[in-house]
Amino acid sequence: MNSTADATHRQDAEAEIREAALTELRSMVSACMQCGTCTATCPNSESMDLTPRRMWRALLFGDTDMVLQSKSFYLCSSCYACTLRCPRGLPLTRAMAGLKRFAARENNSALKKKGAFYRVFTDNIRRYGRVQETALMTRYFIAARDPALPFAYTPLGLKLMRKGKLHPVDRSGAGKLEAIFNKVEQMEGRP
Ligand code: SF4
Ligand code: SF4
């Protein structure tokens, strides 16, 4: 097989994987009756540009771009409140997590940057048992691979420093949330 055919074959395979992932996401919310309970329940919905109810609708209507352009699924803190209260019993937290994974696979630099923050933030809490701002931002800058990014955050960093809000990394909570993370991974069938 020559290199052009090879590239076409790879693109076809990637398109198939993408479509299968979208089909799976849609199947998770296909029984949504748009009652809005998930939005009313979600503690983070006020910060979301697309409420959970509207997001499921956009997903089902094939408006994937609208879903991916929103920051809503990155704001999901996996509290499971919507999953518990959805009258249709839909796996909404799993769908939110699925959207994060889907976005991370997209060939889109803005999405990759948002995904990097989400991953680093989650790792930070898992590792230290709470948010450690200095370690969080250092790792985010490395993960985002954008040399201009630290400069954008310099004014905020200086402000926090002046107010005494930046502390050295405190490891006293290290590992304390590990059991919770492991349990969630087990519930979601992740390795
Ligand atoms: S609570 Fe369930 S049925 Fe109601 S809008 Fe949300 S996903 Fe749809
Ligand atoms: S699991 Fe996510 S979307 Fe659902 S209520 Fe909690 S924060 Fe909101």
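These numbers were taken from a predicted model, which means no experiment stands behind them.

The rules behind each value
- Residues numbered from 1 in each chain as written.
- Chains lettered and ligands numbered in written order.
- Predicted model: local features only at pLDDT ≥ 70, side-chain atom pairs only at ≥ 80, totals over all residues.
- Near = placed C-beta within 6 Å.
- Nonpolar A, V, L, I, M, F, W, Y, C, P; charged D, E, K, R; others polar.
- Helix = DSSP H or I, 4+ residues; strand = E, 2+ residues; numbered from the N terminus.
- Domains from an automatic or database assignment.
- Contact = placed C-beta atoms within 7 Å.
- Core = buried A, V, L, I, M, F, W, Y, C linked by C-beta atoms within 7 Å.
- Buried ≥ 20, exposed ≤ 12 C-beta atoms within 10 Å, placed from the backbone.

### Overview of the site of ligand 1
For ligand 1, the set of nearby residues contains 15 residues, the closest of which are Cys32, Cys35, Thr37, Cys38 and Cys86. Here the shell around ligand 1 is composed, by residue class, of 10 nonpolar, 3 polar and 2 charged.

### Thoughts on the site of ligand 2
The immediate surroundings of ligand 2 are formed by 15 residues, with Cys42, Cys76, Cys79, Ala81 and Cys82 found nearest. Listing elements by their share of the shell around ligand 2, those giving two or more residues are helix H6 (81-85) and helix H7 (92-105). Ranked by residue count, the leading element in the shell around ligand 2 is H7, at 3 residues. Taken together, the residues of the shell around ligand 2 break down into 10 nonpolar, 5 polar and no charged.

### Considering the domain arrangement of the chain
Taken domain by domain, the chain comprises domain 1 (1-107) and domain 2 (108-191). If you average the C-alpha positions of domain 1 and of domain 2, the two centres end up 23 Å apart. At the interface, 11 residues of domain 1 touch 7 residues of domain 2. At 5 residues, H7 tops the list of elements feeding residues into the side of domain 1 that touches domain 2. Considered class by class, the residues forming the side of domain 1 that touches domain 2 number 5 nonpolar, 2 polar and 4 charged.

### Focus on the nonpolar core
Formed by 18 residues in total, the largest nonpolar core has its most connected members in Leu59, Leu92, Ala95, Met96 and Leu99. Only helix H1 (3-29), helix H3 (52-60) and H7 provide two or more residues apiece to this core. Considering every element that reaches this core, the biggest residue donor is H7, with 5 residues.

### Section: unusual backbone geometry
Note: most peptide bonds trans; most residues except glycine with negative phi. Positive phi outside glycine occurs at Ser78, with the angle close to 55 degrees. By the secondary structure assignment, Ser78 is in the loop between helix H5 (72-75) and H6. C-beta crowding within 10 Å serves as the criterion here: with 14 such atoms nearby, Ser78 is assigned to the partly exposed category. With a phi angle near 50 degrees, Arg145 is a residue other than glycine that sits in the positive phi range. Tracing the backbone shows Arg145 in the loop between helix H9 (133-144) and helix H10 (149-162).

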